[in-house]
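Descriptive analysis of the structure
Below are the chains, spelled out letter by letter.
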Amino acid sequence: MARASRLDTDEGVIQTAKVVVATGGLSIPKIGATDFGYRLARQFGHHIVDTRPALVPLTFDPVSWAPFAAMSGLSLPVEIHTGPAKGKGGMSFLEDLLFTHRGLSGPAVLQISSYWQLGTPLRIDLAPSLDLAAHLTAAKSGSRRQVSTELGAIVPQRLAEGWLARQPGLGTRPLAELRDKDIRALADGLQGWELKPSGTEGYRKAEVTAGGVDTRETSAPRPWKAA
């Protein structure tokens with residue numbers, strides 16, 4: 001901060017043209033993170049953009065999450081989206097998703113958490129890069145395998161069984177007995193899973209802090225020029 005030119009330290013007075021304050025954010029307080037840097041910035045007149053945890057796992061209401069809590073530890077690649085409907089803006093990532101006892105984590109969720117806003121839903125495609133309805137419909141021909149077995153060849157078996165358990169009787173039926181519209185509904189649910197987080201794991205699990213000192217008020221470094 002350019003205004004500071006004199007520091008009183010245990011080693012005596014230090015005169016300097018500039019002082020660089022590198023305190024980090026609020027993430028992972030158990031390693032000593034505090035709001036000291038923000039308080040100091042305010043003291044020198046800087047505007048602080050509201051802070052929030054980012055790169056952080058998302059949590060859900062325990063009652064609504066109960067059917068998925070048993071999948072804790074399960075990981076799979078997904079496409080995750082937040083903001084306006086897919087194809088109409090917003091942000092999406094194609095990364096791995098991790099189920100936890102309290103909600104969702106993994107690279108996909110950590111990435112999207114920096115853009116997700118409280119009260120807005122997430123949309124998750126659990127079988128990205130695949131026309132799931134067409135795949136299952138084609139698999140009907142000549143197959144007597146149960147729906148759960150066919151689906152378990154595409155997504156983790158534990159996810160297939162847990163998903164179908166929410167629709168009693170469906171998972172134990174042969175795929176060939178399902179109507180095309182039933183297959184379409186199943187595929188739409190898996191590839192358009194919409195759910196609304198209740199919050200995050202907070203600063204204790206966040207890898208970074210969003211917000212902070214408004215960089216529009218700081219001086220940009222001068223471009224480097226060759227001699």
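A few points on the structure.

**Observations concerning the overall build of the protein chain**
Regarding its fold elements, the protein chain presents seven helices and 11 strands. Over its C-alpha atoms the protein chain spans a radius of gyration of 25 Å, topping by over 25% the 17 Å that the globule rule assigns to 227 residues. Dimensions of the protein chain along its principal axes, counting C-alpha atoms only, are 85 × 45 × 30 Å. When burial is assessed residue by residue, the protein chain has 36% of its 227 residues classed as buried. Across the protein chain, every contact between residues at least 6 apart in sequence was considered, and the portion connecting residues at least 24 apart equals 71%. In the structure as shown, the protein chain presents an accessible area of about 13,400 Å², 54% of it carried by carbon and sulfur atoms.

**Looking at the nonpolar core**
In terms of nonpolar packing, the biggest core is built from 40 residues, with I80, F99, L104, L126 and W193 touching the most fellow members. Setting aside residues no more than four positions away along its own chain, L126 makes contact with L76, P77, V78, L97, V155, L159, W163, L190, Q191 and W193.

**With respect to the packing of aromatic side chains**
Inspection of the entire model under this criterion finds eight aromatic pairs. Residues W65 and F68 carry aromatic rings whose centres are separated by 5.1 Å and whose planes lie at 40 degrees to one another, so their mutual orientation is tilted. With W65 and F68 both in helix α2 (residues 62-69), this residue pair falls three residues apart, about one helical turn. Comparing W65 with F68 shows no difference in burial state: the two are buried. Ring geometry for W65 versus F99: centroids 6.1 Å apart, planes at 20 degrees, classification stacked. Residue W65 is found in helix α2, and its partner F99 is found in strand β6 (residues 91-99); the two are separated by 34 residues along the sequence. Accessibility expressed as a relative area gives 3% for W65, which makes it buried. Within the aromatic cluster, the residues linked to one another by ring pairs are F60, W65, F68, F99, W163 and W193.

**Describing the sheet that holds strand β8 (residues 122-125)**
Picture the strands of a sheet paired through backbone hydrogen bonds; they go either parallel or antiparallel. Read from one edge of the open sheet, seven strands run β9-β8-β5-β6-β7-β4-β10, paired in antiparallel fashion. Edge positions in the sheet fall to β9 (193-195) and β10 (199-200), since each has one partner strand and no second. Across eight bridges, strand β5 (residues 75-82) lies against β6 in antiparallel orientation. Within β6, the residue paired with T82 across the bridge is M91. Its contacts with the sheet place α2 against β6, β7 (103-105) and β9, and it is angled at close to 145 degrees to β9.

**Examining the environment of L190**
Its location among the elements puts L190 in helix α7 (residues 180-191). Separated by 63 residues in the primary sequence, L190 and A127 place their C-alpha atoms 7.1 Å from one another. If near-sequence neighbours (up to four positions away) are discounted, L190 is found in contact with I124, D125, L126, L132, L151 and W163.

**Examining helix α4 (residues 132-139)**
Helical periodicity: at 3.6 residues per turn, an α-helix aligns residues three or four positions apart in one direction. Among the residues of α4, those classed as buried are L132, A133 and L136. Here the buried residues of α4 occupy an arc of 100 degrees about the axis, which is enough to place them on one side. Contacts made by the buried residues of α4 are with α5 (147-152) and α7.

Here is what the cut-offs are and how they apply
Residues numbered from 1 in each chain as written. Predicted model: local features only at pLDDT ≥ 70, side-chain atom pairs only at ≥ 80, totals over all residues. Heavy atoms only, no water. Helix = DSSP H or I, 4+ residues; strand = E, 2+ residues; numbered from the N terminus. Rg over C-alpha atoms; globule rule 2.2 N^0.38 Å. Buried < 20%, exposed > 50% of the residue type's maximum accessible area, 1.4 Å probe, protein only. Contact = heavy atoms within 4.5 Å. Areas by Shrake-Rupley, 256 points an atom, 1.4 Å probe, with all protein chains shown as cover. Core = buried A, V, L, I, M, F, W, Y, C linked by side-chain atoms within 4.5 Å. Phe/Tyr/Trp six-rings, centres within 6.5 Å; stacked < 30°, edge-to-face > 60°. Pairing = 2+ DSSP bridges. Axes fitted to C-alpha atoms, helices over the stretch in contact; angles between N-to-C directions. Arc of directions from axis to C-beta.

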